[in-house]
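Here are the chains, one letter per residue:
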Amino acid sequence: GAKGASRAAAPKCFYSRIPRKVDRPAGVSGRDLTRLHLDKTATLERVVATECGGDAWELLGEMEFAFVAFMMCQSLAGFNQWKRIVTLVLQCESGPLGHLSDFCCELLRSLRAQLEVTAGEGAGVSSTCSSSTSSPPSLVADIFGPDVFLTSAFRGFVEMVAEAEVVPVALEEEVGALREVLRAGGV
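No experiment lies behind these values; they were computed from the predicted model shown.

Draft legend 1. Representation of the overall build of the protein chain in the model. Secondary structure summary: the protein chain contains nine helices and zero strands in total. Counting helices and strands in the order they occur from the N terminus, the protein chain gives α-α-α-α-α-α-α-α-α. Looking at the protein chain as a whole, 40% of its 187 residues are labelled buried. Taken as a whole, the protein chain presents about 10,600 Å² of accessible surface, with 54% of it coming from carbon and sulfur.

Draft legend 2. Looking closely at the packing of helix α4 (residues 76-90) against helix α6 (residues 101-118). At a minimum axis distance of 11 Å, the contact between α4 and α6 shows a crossing angle of 135 degrees. With respect to each other, α4 and α6 are oriented oblique. Where α4 crosses over α6, the handedness of that crossing is left-handed. Counting all contacts with α4, which are made through Trp82, Ile85, Val86, Val89 and Leu90, the residues of α6 involved are Phe103, Cys104, Leu107, Leu108, Leu111 and Gln114. Grouping the constituent residues of the contact of α4 with α6 by class yields 10 nonpolar, one polar and no charged.

Draft legend 3. Quick peek at the confidence of the model for the protein chain. On average, residues of the protein chain score 83 in pLDDT, and 79% of them reach the 70 mark or higher. Residue range residues 121-137 is modelled with pLDDT below 50. Its contacts to residues more than four positions away, or to other chains, number 23 contacts.

Draft legend 4. How the structure looks around the side chain of threonine 41. Position of threonine 41 relative to the elements: it lies in helix α2 (residues 41-51). Judged by its relative accessible area of 3%, threonine 41 is buried.

Draft legend 5. Broad picture of α4. For α4, which comprises 15 residues, the first-to-last C-alpha distance of 21 Å matches the rise-based estimate of 21 Å (1.5 Å per residue) to within 8%. Listing the buried residues of α4 in full gives Gly78, Phe79, Gln81, Trp82, Ile85, Val86, Thr87, Leu88, Val89 and Leu90.

Draft legend 6. Looking closely at the nonpolar core. One finds Leu44, Leu59, Trp82, Leu90, Phe103, Phe157 and Leu171 to be the most contacted residues of the largest nonpolar core, which totals 42 residues. Taken together, the elements giving at least two residues each to this core come down to α2, α3 (56-73), α4, α6, α8 (149-163) and α9 (169-184). The element contributing the most residues to this core is α3, with eight residues. Once residues lying within four places of it in the same chain are set aside, the contact partners of leucine 171 are Pro96, Leu97, Cys104, Cys105, Leu108, Phe157 and Val161.

Draft legend 7. Expanded view of α9. In this model, α9 (16 residues) spans 23 Å end to end at C-alpha, consistent with the 22 Å of a helix rising 1.5 Å per residue. If you check which residues of α9 are buried, you get Leu171, Glu174, Val175, Leu178, Val181 and Leu182. Down the axis of α9, the sector holding all buried residues measures 120 degrees, keeping them to one side. Opposite the buried face of α9, by more than 90 degrees, sit the exposed residues Val169, Glu173 and Ala184.

Draft legend 8. Quick peek at the packing of aromatic side chains. Counted under the stated rule, the structure contains five aromatic pairs. With centroids separated by 5.0 Å and ring planes inclined at 45 degrees, the aromatic side chains of phenylalanine 70 and phenylalanine 79 adopt a geometry described as tilted. Look at phenylalanine 70 and you get buried, because its relative accessible area is 17%. Here the aromatic residues Phe67, Phe70, Phe79 and Trp82 are joined through ring pairs into a cluster of three or more.

Draft legend 9. Layout of unusual backbone geometry. Of note, the phi angle at glutamine 74 is positive, near 50 degrees, even though the residue is not glycine. In this fold, glutamine 74 is placed in the loop between α3 and α4.

Draft legend 10. Seen up close, the packing of α6 against α9. At a closest axis distance of 9 Å, the pairing of α6 and α9 adopts a crossing angle of 15 degrees. Taken together, the axes of α6 and α9 are roughly parallel relative to one another. Note that α6 runs across α9; the crossing there is left-handed. Contact residues: Cys104, Cys105, Leu108, Arg109, Leu111, Arg112, Leu115 and Glu116 in α6; Ala170, Leu171, Glu174, Val175, Ala177, Leu178, Val181 and Leu182 in α9.

Rules used in this analysis
- Residues numbered from 1 in each chain as written.
- Predicted model: local features only at pLDDT ≥ 70, side-chain atom pairs only at ≥ 80, totals over all residues.
- Heavy atoms only, no water.
- Helix = DSSP H or I, 4+ residues; strand = E, 2+ residues; numbered from the N terminus.
- Buried < 20%, exposed > 50% of the residue type's maximum accessible area, 1.4 Å probe, protein only.
- Areas by Shrake-Rupley, 256 points an atom, 1.4 Å probe, with all protein chains shown as cover.
- Axes fitted to C-alpha atoms, helices over the stretch in contact; angles between N-to-C directions.
- Parallel < 35°, antiparallel > 145°, perpendicular 65-115°, else oblique.
- Left-handed = near helix turned anticlockwise from the far one by under 90°.
- Contact = heavy atoms within 4.5 Å.
- Nonpolar A, V, L, I, M, F, W, Y, C, P; charged D, E, K, R; others polar.
- pLDDT = per-residue confidence, 0-100.
- Expected span 1.5 Å × (residues − 1).
- Core = buried A, V, L, I, M, F, W, Y, C linked by side-chain atoms within 4.5 Å.
- Arc of directions from axis to C-beta.
- Phe/Tyr/Trp six-rings, centres within 6.5 Å; stacked < 30°, edge-to-face > 60°.

Right under this line is the structure:
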């Protein structure tokens, strides 16, 4: 038989494709291209349309699943997808203040709950999917530390909310609650 045919295939998770850079649409001016780089709402909308069948709540579910895959199965792919989704949403400006405010509030609420769970004593990670019994350290300190990209993305998001003339109340409250979790985690 073929080499490795007797081995069972390792289970894999398939995640939505989250672009790492902005595609330059034809005929876009420099000003509009800069806007696309600064406000990732159009990228988020494209991901929701092409990868999630137009349902943003599927992306929220994927973020939550990726977090569970990372925490319970110590999946690097899960962590990377979780980070990509969170970063993409934190780099949006117009969507969270407008038509995507409910989605963004729920994503921030979920992120806050995830960080609260991990802020304790290593989150009590199960060894269900891995032979390792060691627990990863608190995500709050490790992922939102001073030299980590997510920290600057979150700070930019907080500044955007603070500077906006009109902010949905629920979004403002959720940003404040998440900020408190980060402070309690030493960030």
